[in-house]
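Chains, contacts and geometry: an overview
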Amino acid sequence: MTASQHTIAGTVLTMPVKIRRANQHMAMFSVDANAAQRLIDYSGLRVCRYLPGRAIVVLMLMHYLDGDLGQYHEFGTSVMVNPPGSDASGPRALQSAGAFIHHLPVDQAFTLEAGTKIWGYPKVMADFNVREGRRFGFDISVDGQLVADMEFRRGLPFSLTPRTQAQRSYSHRDGVTRETGFEHTLEGVRTRFGGVRLRLGDHPYAKELASLGLPKRALLSSSAENVQMSFGDAQEIP
């Protein structure tokens, strides 16, 4: 079968799109499931209620260093959801859950166009200020308004042998909900309970996060020195 292709800003991308090197900082929060559901009702998907009345929201900064979409920063807000048609609940339901991408600001135009056209991701342009040092931190602003400022405490090494994992993400754009399968491999992972300071700004995105009860203590946080990823085409969900 011939691989599909997409032309973005005059460049032809052949699927799957490859990310050869990136690093990641992530924080996972337990939030009110009803509040999370209201936030993503427009998608037609249902949040994964991993505990009674609770759902998982993930805030993640990615720095893509070598890949088909170039170098860029990306800040994702995702809600863990059940696959379409599933009403699974409980801790085991997270094993089959996927990430619904509610916001995905980036700082480069090429990946913005690719992300919106190929996968329907909600990418917008943003400004990132990354702080390297004893504690890693960053802040992100959209249209000159602060969305979030996060600071991470260093985690402990998580010494599992790197292996490729298959996952699903979901997006909603122009009235269409899509599912995208992807694979990733994480190396140099560090993790800890809590470990994140989150400050919200005045941008409407920040007010949405506040509607979930943020800022609050994270369930856990993690970092990965190297992430490799492979993204296939998006599939529309009827």
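Each remark here, short or long, concerns the structure printed above.
Quick caveat, the model's predicted, so the values are computed rather than measured.

1. Re the overall build of the protein chain
Check the secondary structure of the protein chain and you find three helices and 14 strands. In terms of C-alpha radius of gyration, the protein chain reaches 17 Å, essentially the compact-globule figure of 18 Å for 238 residues. Considered along the principal axes of its C-alpha atoms, the protein chain spans approximately 45 × 45 × 40 Å. Counted over contacts in the protein chain with a minimum sequence separation of 6, partners at least 24 positions apart contribute 67%. Of the roughly 11700 Å² that the protein chain leaves accessible, carbon and sulfur atoms contribute 49%.

2. Things to note about the pairing of strand E7 (residues 127–131)
In this structure, E7 lies alongside strand E8 (residues 136–142), joined through five bridges in antiparallel fashion. If you follow Asn 129 over to E8, its bridge partner there is Asp 139.

3. A look at the nonpolar core
Nonpolar side chains tend toward joint burial in soluble globular proteins. With 38 residues, the main nonpolar core has Phe 29, Leu 59, Phe 75, Phe 138, Ile 140, Met 150 and Leu 198 as its most contacted residues. Filtering out sequence-adjacent residues up to four positions away, Ile 140 remains in contact with Phe 75, Pro 105, Ala 126, Asp 127, Phe 128, Gln 145, Leu 146, Val 147 and Ala 148. Counting residues in hydrophobic clusters, the runner-up holds 32 residues, among them Ile 19, Ile 56, Val 106 and Ala 114.

4. Digging into the pattern of salt bridges
For side chains bearing opposite charge, pairing can occur when the charged atoms are close. Enumeration over the complete set of coordinates arrives at ten salt bridges. Between Arg 46 and Asp 41 there is a salt bridge, with its nearest N and O atoms 3.8 Å apart. The partly exposed category is assigned to Arg 46, whose relative accessible area is 46%. Its salt-bridge partner being Arg 131, residue Asp 149 comes within 3.0 Å of it at the nearest N-O pair. Here Arg 131 lies in strand E7 and Asp 149 lies in strand E9 (residues 145–152), a separation of 18 residues in the sequence. Salt bridges here are not isolated pairs; linked through shared partners, they connect Arg 131, Asp 139, Asp 149, Arg 197 and Arg 199.

5. Some words on helix H2 (residues 109–119)
Looking only at H2, the buried set comprises Thr 111, Ala 114, Gly 115, Thr 116, Ile 118 and Trp 119. Remark: Gly 120 follows H2 within two positions and exhibits a positive phi of approximately 70°.

6. Some details on the environment of Val 47
The topology assignment puts Val 47 in the loop between helix H1 (33–40) and strand E4 (54–67). When the C-alpha positions of Val 47 and Val 81 are compared, they lie 4.1 Å apart, and in sequence the two are 34 residues distant. Residue contacts for Val 47: discarding those within four places in its chain leaves Ala 33, Ala 36, Gln 37, Ile 40, Ala 55, Val 79, Met 80, Val 81 and Asn 82.

7. So, the sheet that holds E9
Spatially, four strands are ordered E7-E8-E9-E13 in an open sheet, and the strand pairing comes out antiparallel. Two strands lie at the open edges of the sheet, namely E7 and strand E13 (196–200), each paired on one side alone. On average, adjacent strands in this sheet sit at an angle of 10° to one another, irrespective of strand direction. Both E9 and E13 contribute to a ladder of five bridges, which runs antiparallel. Bridged to Asp 149 within E13 is Arg 199. Its contacts with the sheet place helix H3 (residues 204–211) against E8, E9 and E13, and it is angled at close to 55° to E9.

About the thresholds
- Residues numbered from 1 in each chain as written.
- Predicted model: local features only at pLDDT ≥ 70, side-chain atom pairs only at ≥ 80, totals over all residues.
- Heavy atoms only, no water.
- Helix = DSSP H or I, 4+ residues; strand = E, 2+ residues; numbered from the N terminus.
- Rg over C-alpha atoms; globule rule 2.2 N^0.38 Å.
- Contact = heavy atoms within 4.5 Å.
- Areas by Shrake-Rupley, 256 points an atom, 1.4 Å probe, with all protein chains shown as cover.
- Pairing = 2+ DSSP bridges.
- Core = buried A, V, L, I, M, F, W, Y, C linked by side-chain atoms within 4.5 Å.
- Buried < 20%, exposed > 50% of the residue type's maximum accessible area, 1.4 Å probe, protein only.
- Salt bridge = Lys/Arg side-chain N within 4 Å of Asp/Glu carboxyl O.
- Axes fitted to C-alpha atoms, helices over the stretch in contact; angles between N-to-C directions.

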